[in-house]
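Residue strings, one per chain:
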Amino acid sequence: MIESQAECEQILPRYGFAFQQNIVDAFLARSGHILKSRCSVKLVFTSVARRCIVPFVIALSFVHGAIADPDYFRHVIFDNSINAGAYWYSTGRSVGPSTLEQRDGHLPVEKQFFLTPPNALRISWRSEPGGGWDAEIHIVNFRNRSPELKGKNLYFWCYSQDGIATRDLPEIMLSTSGEGLQVAEFPASFTIAAPLGKFTGDIPARRWTRVKVPFDGLQTASIYKFRPEYLQSVIFRQGRADGAHHVLIADEIRVDDEGASKTGSVHTLRAPIRITATGYDRHILVRWEDDGTDAPARYVILRSLEGGPFEPIGIQLPGVHRFMDFLGKPNARAAYKVAAEDWDYHRSESSETASAQTHELKDDDLLTMLQEAAFAYYWDGAEPNSGMAYENIPGDDRIVATGASGMAICALIVGVDRGFITRAQGLARIEKIVSFLETAQRYHGAWSHYMDGATGRTMPVFGMLDDGGDLVETSFLMQGLLAARQYFNGASQRERQVFQRITFLWETVEWDWYRENADSRFLYWHWSPQWSFEIHHPLIGFNETMVTYLLAMASPTHGVPVEMYYSGWANQEESAQNYRQGWSGTTDGNHYANGHTYYGIKLEVGAGPGGPLFFTHYSFLGFDPHQLRDRYTSSYFDNNRNIALINRAYCTANPKHYKGYGPDAWGLTASDTPRGYEASAPDENDDHGTMTLTGALASFPYTPEASMQALKHYYRDLGGELWGIYGPRDAYNPTAGWVSPIYMGLNQAPIVVMVENYRTGLVWKNFMANPEIQEMLKKLDAAGDN
């Protein structure tokens, strides 16, 4: 550790700081409270120095939107369905002669009658003697969703056109299993069925009725205690067999406390201000602001189409001030108003009116529209304390993702260059991110996969062994930082300081530490102070980790020998062959080189038919594949293009006969799926019918015509379900009738960046301008000739 004034004086000039006694004193005062590694000592030193030398806070701030209320998803079970036909997060069953209306095993979506627009759920049944039915509504367990619900009661709203007598209503049960009544293994449990009429009385005709079900009055029917904070399923089931047809509309199902309103009455809510509407090719984007004095439960968006009356068309979460209205055609004119609503559904006055019209866009303008929409994920949707990117939205609002944040920095460069934000705004965001990284936990210079955005502490999302450094995520982060170092390389003092601070972060990543020892042929993915190299996952190509070796070889301070490219990344030993064969399921390419032909397309490097498309994206957001070659291929650009072409050819052939595949719907890669997070690929084992939009859209540099065809299909044909406030949703599975409820940080940025690399090469040019990268390529070329 650095403990003396003399040592401090020696380090200051290296990072561009003049000696000042107050810097040294501040550093030495803090040195006993930091991680005991060389890089973290220097890290805190530079952080202290920066704060002493720049004794002011940049006061320039910009309103760029906000994050949704993090408490929202601790309450909501159902508010609206993305899918227009059937609600995917529901199931229905019936046993004859009873009947229950279903669509492919799910409950139908009700679009005519709703409490919060644009839809509700329709429970339509006939209860007969000797039969039975149940309708289950499940919580949406998107990735990293906060697991505990908050509240003492279950609330929902009911509506019936004809009215339903108390005795004819169904029964209600609650379950802590995502599979409703099918699973009772610990800790899952379910309650005794109770007559719904006990909580409602008669349901009047054509009037919404709010239902309150107190948890303390429910008894478990399982062998385990019912824990309402872990509620997963609300179940309606057959009650009295009256032989009559009934329809009950259900909306706004949530867990809360009595008197949950935070605003008291409609008079305390102010109308949103500064509303704007912008027309695009097939949709209109509505934005607004508020004065920050209210805490609404939601915003309600009202629309007048072609001069007609204003009608509610959707809601937006508290804290989010954007709404996408997909009209589905050009030359459609609409006017909009926005109102705030409290937890008791009292609505404020409406905002002023904003109008816009859709209009046919040329291909180049479609690309700008796509980039701007996906960029908003990292601008409006960034974690507010750190400026870093969330793993997914919605998600756990504590967790920021290191690799996705590196990709976000690449997207930030594009945002500045395209004029989505100003250079001053982009620079301020970079400063915020760098400030966070300077004090976040590091492990021999590497950051962990996930961190707490408020504290910078490691969050071991993948388990106890994942409590240290993640070299791959660090390399994705550093790829973005190095691109930003060159882009924000102006003459101003602030840009010079950003350059120096990024240089410090770059030079303090101890890539060589992650060799495990001096004789190791591989770099390893993880290291933990507690568990050391217990995960022991060697980095072996070809996959997304290529940039890790390239940066490790380029490091001017903690580099690894260039020969590790061939001993590690392109290793030919049996263990490496088994590694490639293990994830690909084939011996094709298990020696790194491939040489086989798929759908008439030869693949020089890669296992099987190429794997998921993120292999061609993550390492190449900054690293220009035109400039990379080795013993196995003369051009990684050509090789990546062939991987994309094989992927598209597979989806066009569609050997597993899934719905929706074709030449305009392709791009198998990693994403959210109905089965959880998966890396889809064009082969028998890894194709389950889920199409990830970034697959084709981030492949623009390789397949511009095919990618444009996919963009027009996803947007113009399917945009009603696939397009939202951050552009294309993460994924969809038309065979299952599923659309992802989230956006992912790892998937929106590659769209922004790779489209720009196709259009101007912006990020490639800036990253490749780093002199360390060019020097490394010369060494790699020399090693390849041996």
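Here is a short report on the structure shown in this document. (Residues numbered from 1 in each chain as written. Predicted model: local features only at pLDDT ≥ 70, side-chain atom pairs only at ≥ 80, totals over all residues. Heavy atoms only, no water.)

This brings us to the side chain of Asn 80. Turning to its location among the elements, Asn 80 is positioned in the loop between strand S1 (76-78) and strand S2 (86-87). A polar contact of 2.9 Å, which involves the side chain of Asn 80, links it to the backbone oxygen of Pro 117. Polar contacts involving the side chain of Asn 80 include one to the main-chain amide nitrogen of Asn 119, which spans 3.2 Å. In this view, Asn 80 contacts Tyr 87, Thr 116, Pro 117, Pro 118, Asn 119 and Ile 315; residues no more than four positions away in its chain are not counted. (Helix = DSSP H or I, 4+ residues; strand = E, 2+ residues; numbered from the N terminus. Polar contact = N/O pair within 3.5 Å; in protein donor to acceptor, adjacent residues only side chain to side chain. Contact = heavy atoms within 4.5 Å.)

This paragraph deals with the sheet that holds strand S20 (residues 354-357). Read from one edge to the other, the open sheet built from four strands follows the order S17-S16-S19-S20, with strand pairing classed as antiparallel. Strands at the two margins of the open sheet, each flanked by one partner only, are strand S17 (311-316) and S20. Direction aside, neighbouring strands of the sheet carry axes that sit 30° apart on average. (Pairing = 2+ DSSP bridges. Axes fitted to C-alpha atoms, helices over the stretch in contact; angles between N-to-C directions.)

Turning to the packing of aromatic side chains, a few remarks are in order. One pass over the full model with this rule turns up 44 aromatic pairs. Taking the centre distance of 6.4 Å and the plane angle of 75° together, the rings of Phe 522 and Tyr 524 count as edge-to-face. Each of the two residues, Phe 522 as well as Tyr 524, counts as buried. Measuring from ring centre to ring centre gives 5.4 Å for Trp 583 and Phe 615, while their planes differ by 90°; the resulting arrangement is edge-to-face. Of the two residues, Trp 583 is situated in helix H12 (residues 574-584) and Phe 615 in the loop between strand S27 (601-602) and helix H13 (636-653); the sequence distance between them amounts to 32 residues. (Phe/Tyr/Trp six-rings, centres within 6.5 Å; stacked < 30°, edge-to-face > 60°. Buried < 20%, exposed > 50% of the residue type's maximum accessible area, 1.4 Å probe, protein only.)

The next thing to look at is helix H6 (residues 402-417). Helix length check: H6, at 16 residues, gives a terminal C-alpha distance of 23 Å against a target of 22 Å (1.5 Å per residue), a fit within 8%. Here H6 lies mainly inside the structure; 15 of its 16 residues are buried. Following H6 by one or two positions, Gly 419 has its phi on the positive side, about 80°. (Expected span 1.5 Å × (residues − 1).)

With that out of the way, let us pick up the pairing of strand S11 (residues 209-214). The alternating pattern of S11 places Thr 209, Val 211 and Val 213 on a buried face and Arg 210, Lys 212 and Pro 214 on a face that is not buried. Sheet analysis places strand S8 (residues 153-159) next to S11, joined by six bridges and oriented antiparallel. In the strand pairing of S11, Asn 153 is matched with Pro 214.

Considering all chains together, one arrives at 35 salt bridges under this definition. Residue Arg 93 pairs with Glu 136 through a salt bridge whose shortest N-O separation is 2.5 Å. Within this pair, whereas Arg 93 is found in strand S3 (residues 90-95), its partner Glu 136 is found in strand S7 (residues 132-138), the two being separated by 43 residues in sequence. Given the relative accessible area of 30%, Arg 93 is considered partly exposed. Taking the shortest distance from any N to any O, the salt bridge between Asp 363 and Lys 712 comes out at 2.9 Å. Pair noted here: Asp 363 is in helix H5 (residues 363-379) and Lys 712 is in helix H15 (residues 704-717), with a separation of 349 residues, a long-range link. (Salt bridge = Lys/Arg side-chain N within 4 Å of Asp/Glu carboxyl O.)

In space, the five strands of this open sheet follow the order S3-S7-S12-S9-S10, with antiparallel pairing throughout. At either end of the open sheet lies a strand with only one pairing partner, and these are S3 and strand S10 (194-195). Judged from the five bridges that link them, strand S9 (residues 171-175) and strand S12 (residues 233-237) form a sheet pairing that is antiparallel. Residue Ile 172 lies in a different strand from S12, and its bridge partner there is Phe 236.

Let us look at the environment of Leu 169. Looking at where Leu 169 falls in the secondary structure, it is placed in the loop between S8 and S9. On the basis of relative accessible area, Leu 169 is assigned to the buried category, the value being 4%. Sequence spacing of Leu 169 and Thr 200 is 31 residues, and the spatial spacing of their C-alpha atoms is 9.2 Å.

This next bit is on the packing of H5 against helix H17 (residues 745-759). Where H5 contacts H17, the axes come no closer than 9 Å and their chain directions differ by 145°. Crossing hand, H5 versus H17: left-handed. Residues Asp 364, Leu 367, Thr 368, Leu 370, Gln 371, Ala 374, Phe 375, Tyr 377 and Tyr 378 of H5 form the contact with H17, whose own contacting residues are Gly 745, Leu 746, Gln 748, Ala 749, Ile 751, Val 752, Val 755, Glu 756, Tyr 758 and Arg 759. Residues that form the contact of H5 with H17 fall into these classes: twelve nonpolar, four polar and three charged. (Left-handed = near helix turned anticlockwise from the far one by under 90°. Nonpolar A, V, L, I, M, F, W, Y, C, P; charged D, E, K, R; others polar.)

Contact geometry for H6 and helix H7 (residues 423-439): axes closest at 9 Å, N-to-C directions at 165°. Looking at the two axes, H6 sits roughly antiparallel to H7. As for how H6 packs across H7, the hand of that crossing is left-handed. Across the interface between the two elements, Ile 409, Leu 412 and Val 416 of H6 pack against Arg 423, Gly 426, Arg 429, Ile 430 and Ile 433 of H7. In the contact of H6 with H7, the residues fall into five nonpolar, one polar and two charged. (Parallel < 35°, antiparallel > 145°, perpendicular 65-115°, else oblique.)

Among the structural elements, Ala 679 can be located in strand S29 (residues 676-679). For Ala 679, a relative accessible area of 36% corresponds to the partly exposed category. The contacts of Ala 679, once residues within four sequence positions are left out, are Pro 612, Phe 614, Thr 669, Ala 670 and Asp 686.

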